[in-house]
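Here is how the chains run, residue by residue.
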Protein chains: 2
Amino acid sequence: MLKTSHRYQDTKDQAWSPNTWKTRFSLNYKGLPYKTQWVEYPHIAGLCKDIGAPPIGTYPNGSPEYTLPVIYDPNTKTAVSESALIARYLDKTYPDAPTLIPAATDALHAAFQEAIEMTFIVPLLPIMLPASNHQLNPVSEEYFRRTREARFGKLEEWSPLGPVRDAHWKAIEAGLHKVTKWLSMDGNEKLFFMGETISYADITLASFLIWIRKVLGPDSQEWKNVKRWDGGRWGKFMEAFEKYETVV
Amino acid sequence: MLKTSHRYQDTKDQAWSPNTWKTRFSLNYKGLPYKTQWVEYPHIAGLCKDIGAPPIGTYPNGSPEYTLPVIYDPNTKTAVSESALIARYLDKTYPDAPTLIPAATDALHAAFQEAIEMTFIVPLLPIMLPASNHQLNPVSEEYFRRTREARFGKLEEWSPLGPVRDAHWKAIEAGLHKVTKWLSMDGNEKLFFMGETISYADITLASFLIWIRKVLGPDSQEWKNVKRWDGGRWGKFMEAFEKYETVV
């Protein structure tokens, strides 16, 4: 029922989460060896505590907020939480590998995170969270649904098919169109934020675009739409990330 | 009455507008010679048309939106509208003068504009617009009041003294605190966005901070508060701009 009324695809992809994609893309782009530990939602806090990864903040009720991605680096015996801090840790610890955040752009990258959140990520959430829930194994599905619905109501009502969902996609399209404008403000149309070279800003964007392609499906009408927006730039953009999509 | 109930200072400063400060700081930082043409609000559109400066957009009613700053460059016989586009024009046309927006950061600078608007400028508006109105000559005051009040209601009610205005200042403080975090995300506390060197991101921020200092007054409690926030960084930050404050 859920599947047909919301047109979610039947296949599941273990590597669906945009936030963990930020770190997977970061590691793959830098060419650093690693292995993924798959974890169900109710076990995230325990895993973080086990490896010594700190919470990224506090929930309104005062309890610590543990979330993915986290990494544990056996070379330095260090655990790091939060994708943007992980990127900075990797640049600092492995300076000979390709740079994610050039030092002179560190604060601008931080401002970018704020801007992309408001412009693209927040508009995507009403589509993204319910469809992500459908990707999960039962133990995670129950946890994800309970925690999200406690704050924002029944997942199936966030973006019902029809005019509401259409309006959500219009907002997503407008957001990406604004990003396209950022990428040619000086009159030079760039594929990547810093020009020819991928940086963490692009990785952030790619981590949400890959969600649309993987979770809604590469043959879905939604992904086909995204690919043709803004003169086809987002399709080309994601082609450049194909060599960094390895899941290990 | 207005003055005492809203504690606006009695002196007026012709160079109060943050948006035109962006261009004044840009020109001063690049060391380019220019002269300012002072113009009252009702005459902005006419001046823009005279020099061939395009509108920056369209009002909801469909009429063109002419606004300051605009520049006319007699060397190239070119008029440019909108402070960020002016900065890019100046970098392109005068590449030997200090750079405002390094090419590799152009798109990140565009994202910064979005971020700083949401984080700091929008929270400042309920304080800024009514106090700015008080800076104006009668012909501009009437125009400014009429156009702003048509959209957002009586200026004096935007931020009445007491808990409402206190909450506005709390939001401004929180916004600047967030900016402070951006400036040390990699663990290196920086005075400027790109480190040691001023860029257009800093100029944007300075153009609104100078408004607080000039229009509310260098001895106002508000400016004293701003100067002590975040370990005194904003006072130091504005000291670095003193040599670019020349008004010609």
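Parameters and conventions
Residues numbered from 1 in each chain as written. Chains lettered and ligands numbered in written order. Predicted model: local features only at pLDDT ≥ 70, side-chain atom pairs only at ≥ 80, totals over all residues. Heavy atoms only, no water. Least-squares fit on C-alpha atoms with pLDDT ≥ 70 in both. Contact = heavy atoms within 4.5 Å. Buried area = accessible area lost by both parts, 1.4 Å probe. Salt bridge = Lys/Arg side-chain N within 4 Å of Asp/Glu carboxyl O. Polar contact = N/O pair within 3.5 Å; in protein donor to acceptor, adjacent residues only side chain to side chain. Helix = DSSP H or I, 4+ residues; strand = E, 2+ residues; numbered from the N terminus. Nonpolar A, V, L, I, M, F, W, Y, C, P; charged D, E, K, R; others polar. Domains from an automatic or database assignment.

1. Overview of the relation of the copies chain A and chain B
Expressed as a screw transformation, the operator carrying chain A onto chain B has a rotation angle of 180° and an axial translation of 0.0 Å, and the superposed copies differ by an RMSD of 0.0 Å. One copy is carried onto the other by what is essentially a two-fold rotation axis. Using C-alpha coordinates, one finds that chain A approaches the rotation axis most closely at A:Ala115, a distance of 2.3 Å.

2. Thoughts on the interface of chain A and chain B
Listed per partner, the contact involves 24 residues of chain A and 24 residues of chain B. With both sides pooled, the region where chain A packs onto chain B buries about 2200 Å², and carbon together with sulfur makes up 68% of that total. The interface formed by chain A and chain B holds four salt bridges in total. The salt bridge involving A:Lys190 is made with B:Asp106; its shortest N-O contact spans 4.0 Å. The tally of links from chain A across to chain B stands at four residue pairs in polar contact (both at pLDDT 80 or more). At the level of elements, helix 4 (83-93), helix 5 (106-133) and helix 7 (163-182) of chain A are the ones that each hand at least two residues to the side of chain A that touches chain B. In terms of residue count, helix 5 of chain A provides more of the side of chain A that touches chain B than any other element does, ten residues in total. Looking at side-chain class alone, the side of chain A that touches chain B contains 14 nonpolar, three polar and seven charged residues.

3. What to know about the side chain of A:Asn133
Within the element layout of this structure, A:Asn133 appears in helix 5. The contacts of A:Asn133, once residues within four sequence positions are left out, are A:Glu141, A:Phe144, A:Arg145 and A:Leu155.

4. Details of the domain arrangement of chain A
Residues and elements named next belong to chain A. According to the domain assignment, chain A contains domain 1 (15-93) and domain 2 (105-244). For domain 1 versus domain 2, the separation of C-alpha centres amounts to 20 Å. The interface of domain 1 with domain 2 comprises 17 residues on the first partner and 27 residues on the second. For the pair domain 1 and domain 2, the summed buried area comes to about 2100 Å², and 68% of that belongs to carbon and sulfur atoms. On the domain 1 side of the contact with domain 2, Trp16, Phe25 and Tyr29 bury the most area, a combined 34% of that side's loss. Across the contact surface, domain 1 and domain 2 share one salt bridge.

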